Each structure stands twice: as structure tokens, then as C-alpha cells.
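# Observations on chain architecture
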Amino acid sequence: HITGGVLECETGEVLVVAEGGEKAIKRYTRLMTVRMKWKGEDFYEEEEEEEEDEMMEESNGNDDGEEGTTTKVPRKKFNPNNECELIWTGMAVKRAFHSFMFQTAANSTTARKILEAKGVAHYWDLAAGHYERKVGYGANGDEGALRFRLGD
């Protein structure tokens, strides 16, 4: 049984927290980091029924009402820059979540407050610090931090 949640910030950051037994967490980690394909070139919709709905129209004419040529470009199902990285794994004294929740926050400060209500604001701090080191700017200016990345 896994508890935890997905906290999505409207600025683009997403934090997934999973709590559970050793075996369940091991399987969940493998699912998230190895089995799921987070990015790729061939993530196109394949259903023919929804072909009209799943296509974007690109107009090559004027906006004055004149007819132009229209080409249909298939929409990608996923962002090709998606990725999933394991930031931390370890033991906690007790569970902070009672079920698995999905929540959206307007900004990073609100996301931290949501986790602070559960008593795990340090999870957001850890994820934010990891992101800052990955992008190349950190609070202490170190660019050579050691990072591990799991998955393909």
C-alpha cells in the first residue's frame, strides 16, 4: 500500500512523494524511473477516430479572410523534455499522508505551504535545491555537486 501524492506547481515543477513498505517503494521506483517512458520522439496519438481532434491546424494564409493552405501537424502526447529523477529515498518515522493525492499550486511558495501543513516542507526544499543545482545556479554557487540519476 503506497501513500503520498503528486504536487504540481503551475510554473512547471512537479514533486512526487511516495510512502510505503520496502517492496512497494522498490516497485514504484522502478515503475517511475525505468518502465515509464517520459520522453521520446514517437509519442504521437495513434487513434484514427480522434484524428481530427488531435491535429493542430497551421494556416498559411492572411487573416483577411482570404483562403490559404492549411497543413495538419500531429500533436505530441508528451513534452519531449520530460524526465523523472529520484532525488531521495529513506526511512521516515511515520507516514505524513493517509492516501495518494493530486494537488496543484500556483507557485513554489504555495506548494511549500501545502507540504508544510503535512509536516514535510523539507521535501519541497530538497527538490528545489536539486533543481537549482541541475540548472546550474545554486544558493551557494557550487556547480560541481554530485548527482545520481536513475533510469534510461
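Our structure's up above, just so we're on the same page.
Let me begin by describing the structure that accompanies this report. Computed from a predicted model, the values in this text were never measured in an experiment.

What counts and what doesn't
Residues numbered from 1 in each chain as written. Predicted model: local features only at pLDDT ≥ 70, side-chain atom pairs only at ≥ 80, totals over all residues. Heavy atoms only, no water. Pairing = 2+ DSSP bridges. Helix = DSSP H or I, 4+ residues; strand = E, 2+ residues; numbered from the N terminus. Axes fitted to C-alpha atoms, helices over the stretch in contact; angles between N-to-C directions. Contact = heavy atoms within 4.5 Å. Core = buried A, V, L, I, M, F, W, Y, C linked by side-chain atoms within 4.5 Å. Buried < 20%, exposed > 50% of the residue type's maximum accessible area, 1.4 Å probe, protein only. Phe/Tyr/Trp six-rings, centres within 6.5 Å; stacked < 30°, edge-to-face > 60°. Arc of directions from axis to C-beta. Polar contact = N/O pair within 3.5 Å; in protein donor to acceptor, adjacent residues only side chain to side chain. Salt bridge = Lys/Arg side-chain N within 4 Å of Asp/Glu carboxyl O.

Further remarks concern the sheet that holds strand S2 (residues 14-19). With mixed pairing, the three strands of this open sheet are ordered in space as S2-S1-S5. The open sheet has two edge strands, S2 and strand S5 (100-105), and neither has a second partner. Adjacent strand axes in the sheet meet at a mean angle of 10° when their direction is disregarded. Of the strand pairs in this sheet, strand S1 (residues 3-9) and S2 are connected by six bridges, and their pairing is antiparallel. Along S2, the bridge assignment pairs Leu 7 with Leu 15. Along the sheet face, helix H1 (residues 22-35) touches S2 and S5 and points at about 155° away from the line of S2. In the packing of helix H2 (residues 108-118) onto the sheet, contacts are made with S1, S2 and S5, and the angle to S5 comes to roughly 150°.

A few words on the nonpolar core. Among the nonpolar cores identified, the biggest contains 15 residues, and Leu 7, Leu 15, Phe 97, Leu 115, Val 120, Tyr 123 and Trp 124 are the most heavily contacted of them. For this core, the elements supplying multiple residues, two or more each, are S1, S2, S5, H2 and helix H3 (121-135). Contacts of Tyr 123, omitting those with residues within four sequence positions, involve Leu 15, Val 17, Trp 88 and Leu 115.

Another point: the packing of aromatic side chains. Throughout the structure, instances matching the rule amount to three aromatic pairs. Each ring, one from Tyr 28 and one from Phe 100, has its centre 6.5 Å from the other, and the planes form 65°; the classification is edge-to-face. With Tyr 28 in helix H1 and Phe 100 in strand S5, this residue pair connects regions lying 72 residues apart in the sequence. Ring centres of Trp 88 and Tyr 123 lie 6.3 Å apart, and the angle between their planes is 35°; this geometry places the pair in the tilted category. Of this pair, Trp 88 sits in the loop between strand S4 (70-74) and S5 while Tyr 123 sits in helix H3; the two residues are 35 residues apart in sequence, bridging distant segments of the chain. One aromatic cluster is present, formed by Tyr 28, Phe 100 and Phe 102 through successive ring pairs.

On to H2. For H2, the complete set of buried residues consists of Ala 111, Ile 114 and Leu 115. Buried residues of H2, seen end-on, are gathered within an arc of 90° and therefore sit on one face of the element. Opposite its buried face, H2 presents the exposed residues Thr 109, Lys 113 and Ala 117, each directed more than 90 degrees away. The secondary structure elements touched by the buried residues of H2 are S1, S2, S5 and H3. A distance of 3.3 Å separates the backbone nitrogen of Thr 109 from a side-chain oxygen at the start of H2, and that oxygen is part of Asn 107. A positive phi of about 85° marks Gly 119, the residue just after H2.

With the rule as written, the count across this model stands at two salt bridges. Put simply, Arg 112 and Glu 116 hold a salt bridge, and the shortest N to O gap is 3.7 Å. Taken together, the positions of Arg 112 and Glu 116, both in helix H2 and four residues apart, correspond to about one turn of that helix. Glu 116 gets classed as partly exposed once you look at its relative accessible area, which sits at 47%. Here Arg 112 ties to Asp 125 by a salt bridge, and the two come within 2.8 Å at their closest N and O atoms. Here the residue Arg 112 occupies a position in helix H2, and Asp 125 occupies one in helix H3, the gap between them amounting to 13 residues.

As far as function goes, none of this settles anything; it's purely spatial.
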